[in-house]
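Take a look at the letters that make up each chain.
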Amino acid sequence: MTHPFLDLTPLSAAHFASIEDRVARLLDTEQDVVIMQGEALLPLEGCIRGAARPGTTALNVITGPYGQTFGDWLRDCGATVVDLAVPFHTAVTAAQVEEAFAAHPEIDFVSLVHAEAATGNTNPVSEIGEVVRAHGALFMLDAVASVAAEPLLPDAWGVDLCVIGAQKAMGGPAGVSAVSVSERAWQRLAANPRAPRRSYLSLLDWKERWIDGGRKALLHAPAQLEMLALEACVERIEAEGPDALMGRHATAAAATRAGAVALGGGLEPYVYEASDAAPVATTLRAPRGVDASELVARALAADPVLPLVAGGGSLAKEMVRVNHYGPDATRGVVHASLAALGAAMGESGLAVDLEAARRAVTSAWS
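Note that the structure is a prediction, hence the values are computed from the model and not measured. (Residues numbered from 1 in each chain as written. Predicted model: local features only at pLDDT ≥ 70, side-chain atom pairs only at ≥ 80, totals over all residues. Heavy atoms only, no water.)

K.L.:
Any chance you could explain the packing of helix α10 (residues 242-263) against helix α12 (residues 331-347) here in plain terms?
P.N.:
Axis angle and axis distance: for two packed helices, these are the angle between their axes and the distance between the axes, and together they describe the pair. Remark: α10 packs on α12, axes separated minimally by 10 Å, with the N-to-C direction vectors making an angle of 25°. As summarised for this structure, α10 and α12 are arranged roughly parallel, according to the angle between their axes. Once α10 is placed against α12, the crossing between them reads as right-handed. Where α10 abuts α12, its residues A252, A255, T256, G259, A260 and L263 lie against V334, L338, G342 and M345. Residue classes in the contact of α10 with α12 are distributed as 7 nonpolar, 3 polar and no charged. (Axes fitted to C-alpha atoms, helices over the stretch in contact; angles between N-to-C directions. Helix = DSSP H or I, 4+ residues; strand = E, 2+ residues; numbered from the N terminus. Parallel < 35°, antiparallel > 145°, perpendicular 65-115°, else oblique. Left-handed = near helix turned anticlockwise from the far one by under 90°. Contact = heavy atoms within 4.5 Å. Nonpolar A, V, L, I, M, F, W, Y, C, P; charged D, E, K, R; others polar.)

Right, here's the structure in full:
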């Protein structure tokens, strides 16, 4: 028997390179782009282990759980880590980053998450990039949740290592990711004797054996299905247009926020200021006395496919997340998500206004 997923022509090096080129165009970057054969934690860890070593002083900005993970990796590499943590209901500011540099002028590496889907905030990368450039530090950005949902310009913003994943706003597969690498980042990695070599974590392997070799021979057999899925999702983004796609995500976020406020019952936006809220997902604070995970479970009992989840870890009892990204960044999904939450809240005896929520969502989408 033949099967369309199993009996495929092997992915050639030229085809692999052409997909990299399309991802580079999506990022509007002239930097080298490497597609990594795994979920985005692979290049994120590869970037940190390649750039950090004893003697490195890293400013690690924490606006959600991934920033905490980066700090652990940096310390494991022997780096001195300056954690800049802000409450998860807000965003970091360029002024706070500037203050960190003033207090620790030896900082030579900065790690930042653009949009935190887990906490619903987004950080002003353009402004922060100006500060980082002025101090000459290497700048790593986790843009997994922000790519295709909001503007992302690694070259213009001075980002040296920009990691993306396809599984959120891009609407693609989770098993493949990419990183754009500046020339000075390559130099930093090459000068690090502790940078991974002959390793799945090694960016330098891709540089020396793939890019410098003219992209003619792949390091290993590629994840063919994931690569083809990545190509398909980039084609879909190109057809819709990046601006239209980002507009759809921004509208979904505004509609969810407005609808939740109109719904009432004590449900509130978790991120205080709309300007700090990420377009990829909206986080909501559960009503007082209501367990968020139980509320989400009741809402999903009526419609299990809705993109509703409770917060992770310590946030599980207080945070509800509406993941309106990719194909779920639509008016119908936002309506259905808020209607399900409203019905679940009503079952708990809370007074909600489903019609007001519906009108607010419709108005935001007009």
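K.L.:
Any chance you could explain the domain arrangement of the protein chain here in plain terms?
P.N.:
For an interface, size is often stated in terms of accessible area lost upon the parts coming together. Under the domain assignment used here, the protein chain contains domain 1 (13-240) and domain 2 (242-365). Averaged C-alpha coordinates put domain 1 and domain 2 at centres separated by 29 Å. With 22 residues of domain 1 at the interface, the matching set in domain 2 holds 24 residues. Regarding the contact of domain 1 and domain 2, the summed buried area is about 1900 Å², with carbon and sulfur atoms giving 63% of it. Viewed at the interface, domain 2 and domain 1 are joined by 1 salt bridge. Here R248 makes a salt bridge to E240, at a shortest N to O gap of 2.9 Å. At the surface where domain 1 touches domain 2, the tally comes to 7 residue pairs in polar contact (both at pLDDT 80 or more). Those elements giving two or more residues to the side of domain 1 that touches domain 2 turn out to be β6 (121-122) and α9 (224-240). (Domains from an automatic or database assignment. Buried area = accessible area lost by both parts, 1.4 Å probe. Salt bridge = Lys/Arg side-chain N within 4 Å of Asp/Glu carboxyl O. Polar contact = N/O pair within 3.5 Å; in protein donor to acceptor, adjacent residues only side chain to side chain.)

K.L.:
I tried to follow helix α5 (residues 125-135) on my own but got confused; where do I start?
P.N.:
The periodicity of an α-helix, 3.6 residues per turn, causes residues three or four places apart in sequence to face the same way. If you check which residues of α5 are buried, you get V125, I128, G129, V131 and V132. Down the axis of α5, the buried set is contained in an arc of 165°. They therefore lie on one face. Residues of α5 that are buried in the fold lie against α4 (94-103), β4 (109-113), β7 (138-142) and α6 (154-157). The positive-phi residue at the C-terminal boundary of α5 is G136, with phi of around 75°. (Buried < 20%, exposed > 50% of the residue type's maximum accessible area, 1.4 Å probe, protein only. Arc of directions from axis to C-beta.)

K.L.:
How should the sheet that holds β7 be read in this particular structure?
P.N.:
Strand order in the open sheet made by the 7 strands is β1-β9-β8-β7-β4-β2-β3, with mixed pairing throughout. Since the sheet does not close on itself, it has two edges, and those belong to β1 (32-36) and β3 (80-85), each with one partner. The mean inter-strand angle of the sheet, taken between neighbouring strand axes irrespective of direction, is 15°. Pairing between β7 and strand β8 (residues 161-165): 3 bridges, direction parallel. Bridging across to β8, M140 finds its partner in L161. (Pairing = 2+ DSSP bridges.)

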